[in-house]
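This is what each chain is made of:
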Amino acid sequence: MATLFLPAVLRPPYYAELAAARAAYLRQEPATAFHHLERAHVLGQRWAFPHTQVHLLMLRHGLRIGSRREVLGQIPRVMLGFLGSLVGRVPIGNTGGANVPAEQPMPIPADLEAWLRLD
């Protein structure tokens, strides 16, 4: 099914954002790591598996930093994000964190928008 897996053209920037998040955690920079998870979310939110993967990583982030708000905010996003991607109901540009409403569309950064246009 086309809505399950990230298109090949988006894999390099998506995995680069995940790698940047991992590197930021190693440098003890959780805010920077979360920023990269948000960017990965924007890239992957239309496809069920990468969308869910990012929400699981955001849940893990909440646990790492001891943020009850992030943990509680990510639990429904993990479950509903998968389904939202499958049916094509995602708020484009939404960064995925518990600090923003789950259904709020947001502007897409220009560099990510260029990648998404290639899809």
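The paragraphs below set out a description of the structure included in this document. None of these values were measured; they are calculated from a predicted model. Residue positions are given per chain, counting from 1 as you read along its sequence in written order. Totals for whole chains, interfaces and linings use all residues, but because this is a predicted model, local features are given only for residues with pLDDT of at least 70 and pairs of side-chain atoms are given and counted only at 80 or more. With hydrogens and water set aside, each side-chain value is computed from the structure's full complement of heavy atoms.

### Thoughts on the packing of aromatic side chains
Put simply, the test is: When the centres of two rings from Phe, Tyr and Trp lie within 6.5 Å, Trp using its six-membered ring, the rings pair. Their planes under 30 degrees apart give stacked, over 60 give edge-to-face, and anything left gives tilted. Here a strand is any run of E in DSSP of at least two residues, a helix any run of H or I of at least four, and the numbering for each starts at the N terminus. Here's how the labels work: a residue is buried when its accessible area is under 20% of the maximum for its type, exposed when over 50%, partly exposed in between, all with a 1.4 Å probe on protein chains only.
Under the counting rule described, the total for this entry stands at three aromatic pairs. Pairing Phe5 with Phe49 gives two aromatic rings, centres 5.1 Å apart and planes at 40°, and the pair type is tilted. Of the two residues, Phe5 is situated in the segment before helix H1 (11-26) and Phe49 in helix H3 (residues 48-65); the sequence distance between them amounts to 44 residues. Ring geometry for Phe49 versus Phe82: centroids 5.5 Å apart, planes at 55°, classification tilted. One end of the pair, Phe49, is in helix H3; the other, Phe82, is in helix H4 (residues 68-87), and 33 residues separate them in sequence. With a relative accessible area of 40%, Phe49 lands in the partly exposed category. A network of ring pairs unites the aromatic residues Phe5, Phe49 and Phe82 as a single cluster.

### Let's talk about the pattern of salt bridges
To keep things clear, this is the line we draw: Criterion for a salt bridge: a side-chain nitrogen of Lys or Arg within 4 Å of a carboxyl oxygen of Asp or Glu.
Within this structure, the stated rule accounts for four salt bridges. For the salt bridge of Glu17 with Arg39, the shortest nitrogen-to-oxygen distance reads 2.8 Å. Of this pair, Glu17 sits in helix H1 while Arg39 sits in helix H2 (residues 30-44), and the two are 22 residues apart along the sequence. In this structure, Asp111 and Arg39 form a salt bridge, with 2.5 Å as the shortest nitrogen-oxygen distance. Residue Asp111 is located in helix H5 (residues 110-118), and its partner Arg39 is located in helix H2; the two are separated by 72 residues in the primary sequence. Judged by relative accessible area, which is 40%, Asp111 ranks as partly exposed. Given the relative accessible area of 15%, Arg39 is considered buried. Beyond isolated ion pairs, a larger network of salt bridges with shared partners links Glu17, Arg39 and Asp111.

### Points about the packing of H1 against H2
Definition in use: Every angle, taken between N-to-C directions, lies between 0 and 180 degrees, and every axis is a line fitted to C-alpha atoms, over only the stretch in contact when it is a helix. Note that the term roughly parallel is reserved for angles under 35 degrees, roughly antiparallel for angles over 145, roughly perpendicular for angles of 65 to 115, and oblique for everything else. Should the near helix be turned anticlockwise from the far one by less than a right angle, the crossing is left-handed, and should it be turned clockwise, the crossing is right-handed. What makes two residues a contact is simply this: any of their non-hydrogen atoms within 4.5 Å.
Axis separation between H1 and H2 bottoms out at 8 Å; the angle between their running directions is 165°. One finds that H1 runs roughly antiparallel with respect to H2. You can see that H1 and H2 cross each other, and the crossing is left-handed. Contacts from Pro13, Tyr14, Glu17, Leu18, Ala20, Ala21, Ala24 and Tyr25 in H1 reach Pro30, Thr32, Ala33, His36, Leu37, Arg39, Ala40, Leu43 and Gly44 in H2.

### Topic: the nonpolar core
Let me state the cut-off plainly: As used in this record, nonpolar core signifies buried Ala, Val, Leu, Ile, Met, Phe, Trp, Tyr and Cys residues forming a set joined through side-chain atoms within 4.5 Å.
Among the nonpolar cores identified, the biggest contains 18 residues, and Leu10, Tyr14, Leu37 and Leu43 are the most heavily contacted of them. Every element with two or more residues in this core is listed here: H1, H2, H3 and H5. The greatest single-element share of this core, amounting to six residues, is contributed by H2. Once residues lying within four places of it in the same chain are set aside, the contact partners of Tyr14 are Leu6, Ala40, Leu43, Gly44, Pro50, Gln53 and Val54.

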